Amino acid sequence: MRIKILGQGCSKCVMLADNTRRALDNLGRDADIIKVTDIAEIAALGVMATPGLAIDDTVVSTGRVLAPKSIEDLILTHTSN
């Protein structure tokens, strides 16, 4: 699994990355966490509000910092398909 944190590194982006790591730890899963800071690449994914979260190149959240539990739910939903 590959998870992308979309944003230029603001405090909210850092918090989303931290919460993503916590969610993965809680689930006992590993993933590559990639920080995408290039505005053109972020916009190409259709994200107009950061921070954004993408799981395996599917954008699942934009414009907010998700709690670890919410990220866990997204991971489980996305990987159960």
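Analysis parameters
- Residues numbered from 1 in each chain as written.
- Predicted model: local features only at pLDDT ≥ 70, side-chain atom pairs only at ≥ 80, totals over all residues.
- Heavy atoms only, no water.
- Helix = DSSP H or I, 4+ residues; strand = E, 2+ residues; numbered from the N terminus.
- Buried < 20%, exposed > 50% of the residue type's maximum accessible area, 1.4 Å probe, protein only.
- Salt bridge = Lys/Arg side-chain N within 4 Å of Asp/Glu carboxyl O.
- Contact = heavy atoms within 4.5 Å.
- Core = buried A, V, L, I, M, F, W, Y, C linked by side-chain atoms within 4.5 Å.
- Pairing = 2+ DSSP bridges.

Draft legend 1. Highlighting the side chain of N19. With respect to the element layout, N19 can be found in helix α1 (residues 11-27). With relative accessibility at 9%, the residue N19 sits in the buried group.

Draft legend 2. Spatial organisation of the pattern of salt bridges. Counted by the stated rule, this structure contains four salt bridges. Ionic pairing is found between K4 and D57, a salt bridge with its closest N-O pair at 2.9 Å. Of this pair, K4 sits in strand β1 (residues 2-6) while D57 sits in the loop between β3 (52-55) and β4 (58-62), and the two are 53 residues apart along the sequence. The partner of R21 in a salt bridge is D18, and the shortest N-O contact between them spans 3.3 Å.

Draft legend 3. Fine view of the environment of T50. Structurally, T50 is set in the loop between α2 (39-44) and β3. Those residues within four positions of T50 in sequence are excluded, and the remaining contacts are L6, G7, I42 and G63.

Draft legend 4. Here's a closer look at the nonpolar core. With 12 residues, the main nonpolar core is built from I3, I5, C13, L16, A17, A23, L24, L53, I55, L66, I71 and I75. When contributions to this core are tallied by element, the ones reaching two or more residues are β1, α1, β3 and α3 (68-79). In terms of residue count, α1 provides more of this core than any other element does, five residues in total. When residues no more than four places from it in sequence are discounted, the contact partners of A23 are P68, I71, E72 and I75. If you look at the next biggest cluster of nonpolar residues, it comprises five residues, including V36, I42, V47 and A54.

Draft legend 5. The pairing of β4, seen in detail. In terms of strand pairing, β3 meets β4 through four bridges, oriented antiparallel. Along β4, the bridge assignment pairs L53 with S61. Connecting β3 to the next strand, β4, in antiparallel fashion are two residues, including D56 with a positive phi near 50°.

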